[in-house]
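# Structure assessment
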Amino acid sequence: MSLKVNFDYIPEHCMVDFEENALRVKSIDKMIQLKTGKGNDFLGWVDYPVNYNKEEVERIIAKAESFKKNYEILVVCGIGGSYLGARAAIEALNGLLPHNKKGMEVLYLGNTLDPNYTHDILEYIKDKKFAVCVISKSGTTTETSVSFRILKEMLETKIGKEGAKDAIVAVTDKENGALRKLANDEGYETFELPRDIGGRFSVITPVGLFPIACAGININELIEGLKQAREDFSSNDIFQNQCYQYALVRNYLHNIGYKIEMFSSYEMRFRMLAEWWKQLFDESEGKDGKAVFTTAATFTTDLHSLGQFIQEGTKVLYETILHIEEPEYDVEVPFDKDDLDGLNYLAGKKLSYINKKAYEGTLEAHSETGGVPNITITLDKMNTFNLGYLFYFFMKACAMSAYLLGVNPFNQPGVEVYKKNMFHLLGKPGF
């Protein structure tokens, strides 16, 4: 495993003094390890890679194998952390197109109230063999519950209640909630959504593991990556712990006026990974009028829309770049005898080589010419083990970063405001 965090492209005036903050980092690390900080009842993810239920993972693998044999499509029904992590992993490892899939085709509902999108998914699956994984701790989340009600009726009409029972899996609380009661009443197979792990940290639990397994990805390899990262980032020494270094640098940049962090990558298949990352940091830190606002870009595509602002616009942002040294696949540029496009100087070269030079040129342009601070996180390759490692890296960095900011990383009180207003407007009893 090779993960490297590079701060070489941060201007000197933006560099935090690690020595000066060493004791503060050790104090926060102690809060994380001993679970004594704000929101400590949601720190179960810290040791989950070694404390996870091995028997449950075996059941997940077995059920996923059964689904792959009997159904073409899995519809994941969840919102926020209940689908983002799984989708991020599946697209990062399997790519964006159906022909790249190694297991079931995975689609997503319950993540929106958009009638057009919902209609399109329902039309697409109506004549296909599909199964459903519904994910909700409470079972009453509006977007998820509405979509699941529709999917449940659709399945029962199509294959009967007994057939639907076998085609539905629920990931929910072990004992409580509307979805737990329904699953018990209907006889659905269930997997546990741990009470001490919040949604945006739940990709490492059955919330993410079951859909990922259905997509044909080896979840034991993902868990091994999580385990290794837990071990590698266990040090409370700021000079030894790269994820704490990342947290400290981003906190310092925030304090000196850089209020936007842009997650940049050079592969299209990482777009949903960026969405997962955005939820992780924005929902964990965006409280009390504080925090960096996170956004994302995929280069070189977005250089043709955002590049001008990054290079010469208001100096409010810095970049965190995910750089993968070896792509899974490669394509060669052919020779053309007429050379009307003037590209024969690239003939015989791989797209990976061209993409890397675009990365290097952009990094220099943004940081050295544009004065934009750049942090680079480099992996040798994107595989299942490395993705698990990366997930844990960001989760632990997020906990440290939020505690450095002085907020509870594990609640989201602001999210409840829109729900209350919506329920009132919809006429929900009690609102």
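Report on the accompanying structure. (Residues numbered from 1 in each chain as written. Predicted model: local features only at pLDDT ≥ 70, side-chain atom pairs only at ≥ 80, totals over all residues. Heavy atoms only, no water.)

### Section: the layout of surface pockets
- Volume-wise, the largest pocket comes out at about 940 Å³.
- Taken together, 34 residues form the lining of the largest pocket, with E267, R269, P327, E328 and Y329 sitting closest to its centre.
- Considering every element that reaches the lining of the largest pocket, the biggest residue donor is helix 13 (residues 351-369), with 6 residues.
- Residues that form the lining of the largest pocket fall into these classes: 15 nonpolar, 10 polar and 9 charged.
- What the second largest pocket holds in volume is close to 770 Å³.
- The wall of the second largest pocket is formed by 31 residues, among which I79, T141, Q412, E416 and K419 lie closest to the centre.
- For the lining of the second largest pocket, the elements supplying multiple residues, two or more each, are helix 6 (142-167), helix 11 (271-285) and helix 15 (415-426).
- Here the element with the most residues in the lining of the second largest pocket is helix 15; it accounts for 6 residues. (1 Å grid on protein atoms, 1.4 Å probe; cavity = no way out; pocket = protein on both sides within 12 Å on 5 of 7 lines; lining within 4 Å. Points joined across faces, edges and corners; volume = space filled by probe spheres on them. Helix = DSSP H or I, 4+ residues; strand = E, 2+ residues; numbered from the N terminus. Nonpolar A, V, L, I, M, F, W, Y, C, P; charged D, E, K, R; others polar.)

### Remarks on the packing of helix 4 (residues 84-94) against helix 11
- Taken N-terminus to C-terminus, the directions of helix 4 and helix 11 make an angle of 150 degrees; their axes are 7 Å apart at the nearest point. Comparing the axis directions of helix 4 and helix 11 gives the class roughly antiparallel. In this structure, helix 4 crosses over helix 11, and the sense of that crossing is left-handed. Counting all contacts with helix 4, which are made through L84, G85, R87, A88 and E91, the residues of helix 11 involved are M272, L273, E275, W276 and Q279.
- Class assignment of the residues belonging to the contact of helix 4 with helix 11 gives a composition of 5 nonpolar, 2 polar and 3 charged. (Axes fitted to C-alpha atoms, helices over the stretch in contact; angles between N-to-C directions. Parallel < 35°, antiparallel > 145°, perpendicular 65-115°, else oblique. Left-handed = near helix turned anticlockwise from the far one by under 90°. Contact = heavy atoms within 4.5 Å.)

### Overview of helix 5 (residues 115-125)
- All of the buried residues in helix 5 are T118, I121, L122 and I125. Along the long axis of helix 5, the arc covered by the buried residues comes to 95 degrees, so they all point the same way.
- Looking at the packing, one finds that the buried side of helix 5 touches strand 2 (73-77), strand 3 (105-109), strand 4 (130-135) and helix 6.
- The N-cap residue of helix 5 is D114: its side-chain oxygen and the backbone nitrogen of N116 are 2.9 Å apart. (Buried < 20%, exposed > 50% of the residue type's maximum accessible area, 1.4 Å probe, protein only. Arc of directions from axis to C-beta. Polar contact = N/O pair within 3.5 Å; in protein donor to acceptor, adjacent residues only side chain to side chain.)

### Comments concerning the pattern of salt bridges
- Taken as a whole and assessed by the stated rule, the structure comprises 25 salt bridges.
- As a salt-bridge pair, D47 and R230 come within 3.0 Å of each other at their nearest N and O atoms. With D47 in the loop between helix 1 (18-34) and helix 2 (48-51) and R230 in helix 9 (residues 219-232), the pair connects residues that are 183 residues apart, well separated along the chain.
- Among the residues examined, R230 registers a relative accessible area of 27% and is labelled partly exposed. (Salt bridge = Lys/Arg side-chain N within 4 Å of Asp/Glu carboxyl O.)

### Here we look at the environment of D166
- Among the secondary structure elements, D166 is positioned in helix 6.
- Since its relative accessible area comes to 42%, D166 is described here as partly exposed.
- In this structure, the C-alpha to C-alpha distance between D166 and H304, residues 138 residues apart in sequence, is 48 Å.
- With residues up to four places along the chain from it excluded, the contact list for D166 reads K63, F67 and Y71.

### Quick word on the packing of aromatic side chains
- Inspection of the entire model under this criterion finds 25 aromatic pairs.
- On the basis of an interplanar angle of 80 degrees and a centroid distance of 5.6 Å, the ring pair of Y266 and Y359 is categorised as edge-to-face. Of this pair, Y266 sits in the loop between strand 7 (260-265) and helix 11 while Y359 sits in helix 13; the two residues are 93 residues apart in sequence, bridging distant segments of the chain. Comparing Y266 with Y359, the two get one shared label, buried.
- Their ring planes at 70 degrees and their centres at 4.7 Å tell us that W276 and F391 sit as a pair that is edge-to-face. Taken together, the positions of W276 in helix 11 and F391 in helix 14 (residues 384-405) put the pair 115 residues apart, joining distant regions of the chain. For the pair formed by W276 and F391, the shared burial category is buried.
- In this structure an aromatic cluster arises from ring pairing among F233, Y246, F263, W277, F281, Y389, F393 and F394.
- Sitting over the face of the ring of Y124, K128 holds its NZ or CZ atom 4.1 Å from the ring centroid. (Phe/Tyr/Trp six-rings, centres within 6.5 Å; stacked < 30°, edge-to-face > 60°. Lys NZ or Arg CZ within 6 Å of the ring centre and 35° of its normal.)

### Topic: the nonpolar core
- Residues W45, I125, F210, W276, L322 and F394 are the most contacted members of the largest nonpolar core, which totals 122 residues.
- The leading source of residues in this core is helix 14, at 14 residues.
- Of all hydrophobic cores here, the second largest spans 10 residues; its members include F299, Y359, L363 and V372. (Core = buried A, V, L, I, M, F, W, Y, C linked by side-chain atoms within 4.5 Å.)

### Comments concerning the side chain of D380
- Of note, D380 is situated in strand 10 (residues 374-381).
- K381 provides the closest opposite charge to the buried, salt-bridge-free D380, at an N-O distance of 5.4 Å.
- Within polar-contact distance, the side chain of D380 engages the side chain of N386 at 2.9 Å.
- In contact with D380, other than residues within four places in its own chain, are S2, I324, E325, E326 and N386. (Lys, Arg positive; Asp, Glu negative; His and termini not counted.)

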